[in-house]
Amino acid sequence: MEKKKELAWEERHPYGNLSYHTFLNDFEGVSSLQKTATKVALRVLKHHLEEAMGLELTDEQFMAIFFKVINLGPARPLGALSFQYGFVVPMQKTLQAHDLHCGVNEIFHFFNVRNFDNRRYNNLLLHVPHSSTLFPVESKVCFDDLDDEERLLIDYYTDELFIPEQTGEKIDAIVFPYCRLFCDVERLVNDPLEKEGLGISYSRWVEEDRYRETLRSFSSMSSAFKLYSDFHTEASLKLIEARGNILLIDCHSFSSVPNLLNSNPPDIDICIGYNDDETRPNKVVIGNIVQYFKSLGYKVGINTPFSNSKTFSVPSKYHSVMIEINKKLYMDELTREKSGGYNKLKQDVQSLYWKLLKTE
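Residues numbered from 1 in each chain as written. Predicted model: local features only at pLDDT ≥ 70, side-chain atom pairs only at ≥ 80, totals over all residues. Heavy atoms only, no water.

*Asks:* Looking at this model, I keep getting lost on the packing of aromatic side chains. Mind explaining?
*Replies:* Under the criterion given, the structure shown has 12 aromatic pairs. Pairing Phe 62 with Phe 66 gives two aromatic rings, centres 6.0 Å apart and planes at 25 degrees, and the pair type is stacked. With a gap of four residues between them, Phe 62 and Phe 66 both fall in helix α3 (residues 59-71), about one helical turn apart. The exposure class of Phe 66 is buried, given its relative accessible area of 11%. For the ring pair Phe 135 and Phe 182, a centre distance of 6.4 Å and an interplane angle of 85 degrees mean the geometry is edge-to-face. Of this pair, Phe 135 sits in the loop between β1 (123-128) and α6 (148-151) while Phe 182 sits in the loop between β2 (171-175) and β3 (203-207), and the two are 47 residues apart along the sequence. For the pair Phe 135 and Phe 182, one class covers both residues: buried. (Phe/Tyr/Trp six-rings, centres within 6.5 Å; stacked < 30°, edge-to-face > 60°. Helix = DSSP H or I, 4+ residues; strand = E, 2+ residues; numbered from the N terminus. Buried < 20%, exposed > 50% of the residue type's maximum accessible area, 1.4 Å probe, protein only.)

Encoded structure:
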């Protein structure tokens, strides 16, 4: 077994390597900022710092804080004291010299963009719940038993579209190995869609003739729920074991023809979804994803007509975003064969990951 790389002291103690050079680097593609541009940039920065600190600053006070921040060097490795002596003490002296007696922590979080970058992630977890056409052997059911309506519900090839051939340390994936018609791991316990037969275990009444209807179901609730629980446990452990900040990407596709889930398919190529809770990514992350696909010529919907993203109950923080792709972009839904657009779409989707991951 390959020995794991030992982390440096500074990596294990981020507060012991406080470096505030975020604003010293030149802007990409900008050789120099003219005097007027610099004034405008600083005026905007001052306004947002005042919002963070909760008080108005004079220009002299703001410039004193600004120059103190950008001229601070890395703190000496003093453990828990690094933050105190590397930032708090010198900043307190600067504030007191300008008759300000608050705002040290606010200033730290405002300027410390590099160490607290919530626009990039250490790890991605690709969640693919609906790509499989397989059924458990003991169910004695197979894909051929599905009717045309049921076959439209499968997210064909999404495991191949979203998951790189080599995932590496930063990208992990979890794929449900069975068809969603047997068990839908995306559903909630007591999901409202249970009433329509579209819960964890699917069931629907099908008209046999003018006088008879037959209940179609491919699993019992107990057999489906066992798979559901096992998959949720596995996914939860992956989230807990991942290091750093994590983005879960909920990977889906949708049919371009009317189906059991959507009688009026949307005229979009890609839908981006997120939750209105603590798993929602930073709005810049969402904007970057939307802009990325739009720049490639795709028509993008945001939380409409599909909304929210898969979450798991774990005692650690992570973000989650859903990406739904129109099947017409990459396959023929009648023959279920890949189309000419498949390879380009795959490349476009997987190239997005490097815009979401942190660079070392």
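*Asks:* Is there a simple way to think about the sheet that holds β1 in this case?
*Replies:* Strand-to-strand pairing in sheets goes through backbone hydrogen bonds, with the strands running parallel or antiparallel. The six strands lie next to each other as β2-β1-β5-β8-β6-β7, forming an open sheet whose pairing is mixed. Every other strand in the sheet has two partners, leaving β2 and β7 (300-302) as the edge strands with one partner each. Across the sheet, the mean angle separating the axes of adjacent strands is 20 degrees when strand polarity is ignored. Note that strand β6 (residues 270-273) and strand β8 (residues 319-326) share four bridges and pair antiparallel. Bridged to Ile 272 within β8 is Ile 323. (Pairing = 2+ DSSP bridges. Axes fitted to C-alpha atoms, helices over the stretch in contact; angles between N-to-C directions.)

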